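Given next are the chains, with one letter for each unit.
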Amino acid sequence: MIDVGILLPTRESVMSGRPEVAPMLAMAERAEALGFSSVWIGDSLTARPRHEPLTLLAAAAARTRRVALGTAVLLPALRHPVVLAHSVATVDRISEGRVVLGVGIAGDTPATRKEFEAAGVPFRQRAGRCIETLEICRMLWQGTPVSFRGRYWTLDEIAVGPTPHRAGGPPIWWGGGGPTALREAARADGWFPIDPRLEGFRESWGRVQETARAAGRPAGALTAALYTTIALGEPAAAQAELERFLSTYYNVPAAAMLGRQACYAGPADGCVDWMGGFVASGVRHILLRFAGAADQTAQLERAARELLPRLTRLA
């Protein structure tokens, strides 16, 4: 069975000048009621301003009972590992074990470089800091004092409490398709790409699985997910809406993003067919981001009617 989740429009709400949280929490509740399996929140400090993800996930956790609650994706390098471990453990306690920690190292753009500079984190260290931060989090989530001497952090008999609800901490899914992401995904619990090319997904997923097998990990230890942006409707109008959204969201020509991200615009039948190729190649979790800052709930309802029943039956 395929799990299908939705992204809460934290960035879109800020872009449109409507940063109120109540509509997003209502959307999380509605997604659960409609049968979606997960609710996700993105992360950015200044590059693409939005609500802080772990804080908002805690609020969503208190308003839902069944859906998984994830970050798509969090940038651990921007946070101190002890603070991050403590925050994630608390949200996992609030949700009673429903957190999925999607993580990434961040792409190289001027706005992202400026974001890291604002946070006091050297941009060139982002990959190493991300990996080391997650290593420390996993150790702290065991509940025993941790002593650690790494390249970036040193700890001396440090423990945090509470530990996560889920023993050992929440599953970690790596986002991205670069060498670091593929290598670390094989050591983690899942892989979360956005590559629009089916052949690219197949090749990279094969590399992740091969690396995992070589490390002695059992079959089925990893979840392959897919982050998508969709606009359902008449093809021309849907494509125009998608391109308008991408160019506004990223402040670059839409064509540049269409070549880098998994996007679909058009009728539901075509969307199911397109996603079916990824499912046949190993995807077991699909995340839907709805194009456009307005009418997110209407898009959610439409996806529930036209996509959800069919997508969940693909595998």
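Scroll up to find the structure this text is about.
Residues numbered from 1 in each chain as written. Predicted model: local features only at pLDDT ≥ 70, side-chain atom pairs only at ≥ 80, totals over all residues. Heavy atoms only, no water.

*Asks:* What should I look at first to understand the pairing of strand E10 (residues 263-266) in this one?
*Replies:* Residues in a regular strand project their side chains so that they alternate between the two faces of the sheet. The side-chain alternation of E10 yields two buried faces, one formed by Cys263 and Ala265 and the other by Tyr264 and Gly266. Sheet topology note: the strand E9 (residues 223-232)/E10 ladder contains four bridges and is parallel. Residue pairing in the sheet places Leu232 in a bridge with Gly266 of E10. (Buried < 20%, exposed > 50% of the residue type's maximum accessible area, 1.4 Å probe, protein only. Helix = DSSP H or I, 4+ residues; strand = E, 2+ residues; numbered from the N terminus. Pairing = 2+ DSSP bridges.)

*Asks:* Looking at this model, I keep getting lost on the nonpolar core. Mind explaining?
*Replies:* The nonpolar side chains of a soluble globular protein tend to be buried, and buried together. Membership of the largest hydrophobic core comes to 84 residues, with the highest contact counts inside it found for Ile6, Phe36, Trp174, Ile230, Leu288 and Leu307. Sequence-distant contacts of Leu307, defined by excluding residues within four places in its chain, comprise Ile230, Leu232, Ala268, Cys271, Val272, Leu288 and Arg302. Core analysis: the second largest hydrophobic core is formed by 12 residues, Ala231, Ala238, Leu246 and Ala265 among them. (Core = buried A, V, L, I, M, F, W, Y, C linked by side-chain atoms within 4.5 Å. Contact = heavy atoms within 4.5 Å.)

*Asks:* Explain the packing of aromatic side chains here, please?
*Replies:* Each aromatic ring pair is characterised by the separation of its centres together with the angle its planes make. Counted under the stated rule, the structure contains 12 aromatic pairs. Taking 5.4 Å as the distance between ring centres and 90° as the angle between the ring planes, the aromatic pair formed by Phe116 and Phe123 counts as edge-to-face. By relative accessible area, Phe116 is classed as buried at 0%. With relative accessibility at 9%, the residue Phe123 sits in the buried group. With 5.6 Å between their ring centres and 75° between their planes, Trp274 and Phe278 make a pair best called edge-to-face. You can see Trp274 and its partner Phe278 sitting in helix H11 (residues 268-280), four residues apart, about one turn around the helix. Overall, Phe278 belongs to the buried group, its relative accessible area being 2%. (Phe/Tyr/Trp six-rings, centres within 6.5 Å; stacked < 30°, edge-to-face > 60°.)

*Asks:* Is there a simple way to think about the pattern of salt bridges in this case?
*Replies:* Oppositely charged side chains may form a pair once their charged atoms are brought near each other. Summed over the entire model, instances satisfying the criterion amount to 11 salt bridges. Glu306 is the partner of Arg302 in a salt bridge, and the nearest nitrogen-oxygen pair spans 3.1 Å. Taken together, the residues Arg302 and Glu306, both in helix H12 (residues 296-306) and four residues apart, mark about one turn of the helix. Residue Arg302 is classed as partly exposed on the basis of its relative accessible area of 31%. When salt bridges with common partners are traced through the structure, they connect Asp43, Glu52 and Arg79 into a single cluster. (Salt bridge = Lys/Arg side-chain N within 4 Å of Asp/Glu carboxyl O.)

*Asks:* What should I look at first to understand helix H5 (residues 110-118) in this one?
*Replies:* Given 3.6 residues per helical turn, the α-helix brings residues three or four places apart onto the same face. Burial in H5 covers these residues: Thr112, Glu115 and Phe116. Each buried residue of H5 sits inside an arc of 95° when the element is viewed along its axis, so together they form one side. In this structure, H5 carries Pro110, Lys114, Glu117 and Ala118 as exposed residues pointing more than 90 degrees from its buried face. Phi turns positive one or two residues past the end of H5, at Gly120, with a value near 75°. (Arc of directions from axis to C-beta.)

*Asks:* Is there a simple way to explain empty space enclosed by the protein in this structure?
*Replies:* Scanning the entire structure with this criterion turns up one cavity of 30 Å³ or more. The wall of the largest cavity is formed by Ile131, Leu134, Arg138, Trp174, Glu184 and Arg187. Broken down by class, the residue content of the lining of the largest cavity amounts to three nonpolar, no polar and three charged. (1 Å grid on protein atoms, 1.4 Å probe; cavity = no way out; pocket = protein on both sides within 12 Å on 5 of 7 lines; lining within 4 Å. Points joined across faces, edges and corners; volume = space filled by probe spheres on them. Nonpolar A, V, L, I, M, F, W, Y, C, P; charged D, E, K, R; others polar.)

*Asks:* Would you mind showing me how to read the environment of Gly216 here?
*Replies:* Assignment of secondary structure puts Gly216 in the loop between helix H8 (198-214) and E9. You can call Gly216 exposed: its relative accessible area is 60%. It is 37 Å that separates the C-alpha atoms of Gly216 and Leu258, two residues lying 42 residues apart in sequence.

*Asks:* What should I look at first to understand the environment of Thr211 in this one?
*Replies:* Inspection of the secondary structure puts Thr211 in helix H8. Along the sequence, Thr211 and Ser87 sit 124 residues apart, while their C-alpha atoms lie 31 Å from each other. From its side chain, Thr211 meets the backbone oxygen of Arg207 in a polar contact 2.9 Å long. (Polar contact = N/O pair within 3.5 Å; in protein donor to acceptor, adjacent residues only side chain to side chain.)

Everything listed here is a matter of coordinates, which is why it stays silent on function.
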